[in-house]
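In case you want the letters, here they are:
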Amino acid sequence: MPDNTQPIINIDKVCKRFGDFNALKDVSLRISSGERIVVCGPSGSGKSTLIRCINGLERHDSGKILVDGIALDHSASSLSAVRSRVGMVFQQFNLFPHLTVIENLMLGPLKSRKLSREAARQLALNYLERVRIPEQADKYPRQLSGGQQQRVAIARSLCMEPGIMLFDEPTSALDPEMINEVLEVMAELAATGMTMICVTHEMGFARRVADTMVFMDHGEVVETASPEHFFTSPSSERCRDFLNKILQH
Amino acid sequence: MKAFLLIASLSLALSGCSANWGWYVVNPATDTGLSNLKFLFGGLYYTLLLSVTAIGISVTIGLLIALPGLSHNRYFRGINRTYVEIVRAVPILVLILWVYYGLPQIANLSITVFWAGVIALALSDSAFEAEIFRAGIQSIDKGQYEAAHSISLSYTDMMRHVILPQAIRRILPALGNQLVYMLKMSSLVSVIGMQELTRRANELVVTEYRPLEIYTILVLEYLVVILLVSAGVRWLEHRMQSDQRQ
Ligand SMILES: Nc1ncnc2c1ncn2[C@@H]1O[C@H](COP(=O)(O)OP(=O)(O)OP(=O)(O)O)[C@@H](O)[C@H]1O
Ligand SMILES: [Mg+2]
């Protein structure tokens, strides 16, 4: 089989329970290299759970997850192999508050990629440039605005040079005037051919950037479609309802 | 600063009622007074050495005992609970006596007064350190762990570079309290003959029969040391916080 038909992420009938509650029910999804996916759906539908399963922050109960050919079986080796290929950006940024911006960026390269200090520093400065805050390198996270903090968090992930980036509502903790600076950085990243999975309700961004829209509800993938199709003629009732609600304002 | 004024005025007030006092025993102007003073202050070195060595060891043991207490595995947590409960239940004085007189017999080794004191103090304090570390580490947001995982840090690197530096900043006041507590508890090691502040005061009282003056000096010695240590801890705390803020 030629390489390009192999999905870079293959999620096959994955289930995840929290106690008696089924957060994911037989979710299957194939994502090819360079594909940009936007996942949306009502609160509690399992969006975060799904993407957190991809880098092993949640442990799925059954089904298979293959990332870049590696089966996530929650052995230490599969976790570290997967996590070094998959970056993640969180809603709450989760920067390390006791480290400066540049130290936040250098930690992964130094400790998990075992780069030299000089190489790690150079890499960090490059990515700070990419997210357009090179002048903040020596500040502490709390001295930055929310938008700047989230861009630092994106740069921190990129310093691991992952092939895949996961975003879990990266702009929903931000003041409205800061949302665009973060989406801008994400759009630029999308243009570089990065495989991206974004949970977001920013539908303008989705239309502009996504190759594929995924709609989830009650732990199931209800609809997978191209943006044109998704926004003009969604096939399921639930999806139409959802879109009506969020596109109203 | 206020505290020092307080001490100064307190000692003035005490010396005021000179009729009942025999300050001559520690009068630095006389030869015996001076050598008595030197003898008393000489204990400070051992009090400090004992406390600092013991706290260093107890913090290390405390951290090692705290980590299994944070595990998802209930047997690991069991190890932590058992250690903490047992060690906390033994009075320090009893532990000192047991380590000095008992341990050499069962282990067939000889142990100096100093190391018996260090071991007993460190063991008994380690249970409290373990609880402090556990609470401190548990107070760190779970997002910090997730961020550390997401950049593929190993458990050791995550604890060392992400979790512990933040936890230690938070528990610094509690660690400072433990150091103060340790300085006070080190006086108990006098019972096995350690030549620290309290032991020297006791010995001088036996030869000089001036308990009031000598124990007053002893109180002042502890007071000054502990106030200085508290101020030092507060300064460190302040510096570490401004590290993050400025
Ligand atoms: N650690 C957990 N323990 C118990 N239940 C959980 C846990 N994490 C998630 N859940 C539950 O699983 C369901 C799916 O949660 P998830 O966070 O994936 O939803 P979501 O689609 O991301 O929602 P939101 O838009 O609010 O972020 C929710 O009902 C949530 O309460
Ligand atoms: Mg979510």
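Throughout this document, residue positions are counted from 1 along each chain, in the order its sequence is written. In the order they appear in the text, chains get letters beginning with A and ligands get numbers beginning with 1. Local features in this predicted model are restricted to residues of pLDDT 70 or higher, and side-chain atom pairs are both shown and tallied only at a pLDDT of 80 or more, whereas totals for entire chains, interfaces and linings draw on every residue. Side-chain measures were taken over the full set of non-hydrogen atoms in the model, leaving aside hydrogen atoms and water.

1. Topic: the overall build of chain B
Where we set the bar: By the criteria applied, helices consist of DSSP H or I runs no shorter than four residues and strands consist of E runs no shorter than two, each listed in order from the N terminus. Each residue's exposure class comes from its accessible area (1.4 Å probe, protein chains only) as a fraction of the maximum for that residue type: buried when under 20%, exposed when over 50%, partly exposed otherwise. Any two residues whose heavy atoms approach within 4.5 Å at even a single point are treated as in contact. Every accessible area reported is derived by Shrake-Rupley at a probe size of 1.4 Å, with residue values counting cover from the shown protein chains alone. Counted charges follow a simple rule, with Lys and Arg positive, Asp and Glu negative, and His plus the chain ends left uncounted. Think of each charge as sitting on NZ of Lys, CZ of Arg, CG of Asp or CD of Glu.
Within chain B one finds 9 helices and 0 strands. Its helices and strands in sequence order give chain B the pattern α-α-α-α-α-α-α-α-α, from N to C terminus. Classification of the 246 residues of chain B by burial places 42% in the buried group. Within chain B, contacts between residues separated by at least 24 positions form 74% of all contacts whose residues are at least 6 apart in sequence. Accessible area of chain B: about 13100 Å², with a carbon and sulfur share of 67%. Averaging the locations of the 18 positively and 15 negatively charged side chains of chain B gives two centres separated by 6 Å.

2. A short note on a nonpolar patch on the surface
What counts is decided by this rule: By definition, no residue in a patch forms a salt bridge, and every one has over 30% relative accessible area; like charges are joined within 9 Å, nonpolar side chains (Val, Leu, Ile, Met, Phe, Trp, Tyr) within 5 Å. What counts as a salt bridge is simple: a side-chain nitrogen of Lys or Arg found within 4 Å of a carboxyl oxygen of Asp or Glu.
Side chains of Leu93, Leu97, Tyr101 and Val191 of chain B sit close together on the surface and give an oily, nonpolar patch of about 340 Å² of accessible area. Inspection of the secondary structure puts Leu97 of chain B in helix α4 (residues 92-107).

3. Considering the side chain of Asp125 of chain B
Residue and element names in this part refer to chain B. Along the chain, Asp125 falls in helix α5 (residues 113-138). Here Asp125 is buried and forms no salt bridge, its nearest opposite-charge partner Arg88 lying at an N-O distance of 11 Å. Those residues in contact with Asp125 that sit more than four places away from it in its chain are Ile55, Ser58, Gln178, Tyr181 and Met182.

4. Section: the site of ligand 1
Residue and element names in this part refer to chain A. Convention followed: We call a residue near a molecule or strand whenever a single non-hydrogen atom of that residue lies within 4 Å of it. Polar contacts, as counted here, are pairs of nitrogen or oxygen atoms within 3.5 Å of one another; within protein the pair requires one atom able to donate a hydrogen and one able to accept it, and residues that are adjacent in sequence qualify only if both atoms are side-chain atoms. As a working rule, the residues Ala, Val, Leu, Ile, Met, Phe, Trp, Tyr, Cys and Pro are called nonpolar, Asp, Glu, Lys and Arg charged, and the rest polar, with Gly in that last group.
Around ligand 1 sit Phe18, Phe21, Ala23, Pro42, Ser43, Gly44, Ser45, Gly46, Lys47, Ser48, Thr49 and Glu169, and that is every residue in its neighbourhood. Note that an oxygen atom of ligand 1 is positioned 3.2 Å from one of the backbone N or O atoms of Ser45. Between ligand 1 and the protein, one listed contact pairs an oxygen atom with a side-chain N or O atom of Glu169 at 3.2 Å. For ligand 1, whose free accessible area comes to 630 Å², the fraction covered by protein is 59%. Elements that contribute at least two residues to the shell around ligand 1 include exactly β2 (21-31) and α1 (47-54). Of the residues forming the shell around ligand 1, the biggest block, 3 residues, is contributed by α1. For the shell around ligand 1, the per-class residue count stands at 4 nonpolar, 6 polar and 2 charged.

5. Considerations on the interface of chain B and chain A
So the rule is basically this: By convention, the term buried area covers the 1.4 Å-probe accessible surface removed from two parts as they join, with the contributions of both added.
In this assembly, 22 residues from chain B lie in contact with 24 residues from chain A. For the pair chain B and chain A, the summed buried surface comes to about 2000 Å²; carbon and sulfur atoms form 55% of the total. Inspection of the chain B/chain A interface yields 1 salt bridge. The salt bridge partner of Glu146 of chain B is Arg52 of chain A, with a shortest N-O separation of 2.8 Å. The set of elements that each furnish at least two residues to the side of chain B that touches chain A consists of α6 (142-150), α7 (155-185) and α9 (211-245) of chain B. When residues of the side of chain B that touches chain A are assigned to their parent elements, the largest contribution, 8 residues, is made by α6 of chain B. Of the residues contributing to the side of chain B that touches chain A, the split by class is 6 nonpolar, 9 polar and 7 charged.

6. Digging into empty space enclosed by the protein
Residues and elements named next belong to chain A. Worth spelling out the cut-off: Grid spacing is 1 Å over the protein atoms alone, the probe is 1.4 Å, and a cavity is where that probe fits but cannot get out, while a pocket is an open set with protein on both sides within 12 Å along at least five of seven lines and lining residues have an atom within 4 Å of a point. Grid points are joined across faces, edges and corners, and a volume is the space filled by probe spheres set on the points. Domain extents, as shown, originate in an automatic or database domain assignment.
Counting across every chain of the model gives 1 cavity of 30 Å³ or more. In this structure, the largest cavity spans a volume of roughly 50 Å³. Lining the largest cavity are Arg130, Val131, Leu158, Val185, Glu188, Leu189 and Thr192. If one sorts the elements of the lining of the largest cavity by residue count, helix α6 (residues 176-191) sits on top with 3 residues. The two domains that each donate at least three residues to the lining of the largest cavity are domain 1 (1-85 + 171-249) and domain 2 (95-161).

7. Overview of the packing of aromatic side chains
Convention followed: Ring pairs shown here join Phe, Tyr and Trp side chains whose ring centres sit within 6.5 Å, with only the six-membered ring taken for Trp; geometry is labelled stacked below 30 degrees between planes, edge-to-face above 60, and tilted in between. Any Lys NZ or Arg CZ that is within 6 Å of a ring centre and within 35 degrees of that ring's normal is treated as a charge sitting over the ring.
On inspection of all chains with the given rule, the structure shows 5 aromatic pairs over all chains. Residues Phe215 of chain A and Phe242 of chain A carry aromatic rings whose centres are separated by 5.3 Å and whose planes lie at 45° to one another, so their mutual orientation is tilted. Of this pair, Phe215 of chain A sits in strand β9 (residues 212-217) while Phe242 of chain A sits in helix α9 (residues 237-248); the two residues are 27 residues apart in sequence, bridging distant segments of the chain. As far as burial versus exposure is concerned, Phe215 of chain A and Phe242 of chain A are alike and both buried. With a centroid separation of 5.1 Å and 75° between ring planes, the pair formed by Tyr45 of chain B and Tyr46 of chain B is classed as edge-to-face. Given the relative accessible area of 31%, Tyr46 of chain B is considered partly exposed. Cation over ring: Arg207 of chain A sits above Phe231 of chain A, and NZ or CZ is 4.4 Å from the ring centre. Against the face of Tyr75 of chain B rests Arg74 of chain B, its NZ or CZ located 5.7 Å from the ring centre.

8. Observations concerning the layout of surface pockets
Roughly 1100 Å³ of volume is contained in the largest pocket. Every residue lining the largest pocket is counted, 29 residues in all, and those nearest its centre are His72, Tyr145, His149, Tyr155 and Met158 of chain B. Listing elements by their share of the lining of the largest pocket, those giving two or more residues are α2 (76-83) of chain A together with α2 (31-69), α5, α6 and α7 of chain B. Grouping the constituent residues of the lining of the largest pocket by class yields 12 nonpolar, 11 polar and 6 charged. Here the second largest pocket is characterised by a volume of approximately 250 Å³. Around the second largest pocket sit 13 residues that line it, and Arg52, Phe90 and Asp168 of chain A together with Lys142 and Glu146 of chain B are the ones nearest its centre. Listing elements by their share of the lining of the second largest pocket, those giving two or more residues are α1 of chain A together with α6 of chain B. Looking at the lining of the second largest pocket residue by residue, the classes come out as 1 nonpolar, 6 polar and 6 charged.

9. Points about the domain arrangement of chain A
Residue and element names in this part refer to chain A. You can read the domains of chain A as domain 1 (1-85 + 171-249) and domain 2 (95-161). Centre-to-centre, using C-alpha coordinates, domain 1 lies 25 Å away from domain 2. Contact residues are listed per partner, giving 12 residues for domain 1 and 12 residues for domain 2. Roughly 960 Å² of surface becomes buried between domain 1 and domain 2 when both sides are summed, with 66% attributable to carbon and sulfur atoms. Between domain 1 and domain 2 we count 2 salt bridges in total. A salt bridge links Glu188 to Arg132, with the nearest nitrogen and oxygen atoms 2.2 Å apart. Summed over the shared surface of domain 1 and domain 2, the result is 3 residue pairs in polar contact (both at pLDDT 80 or more).

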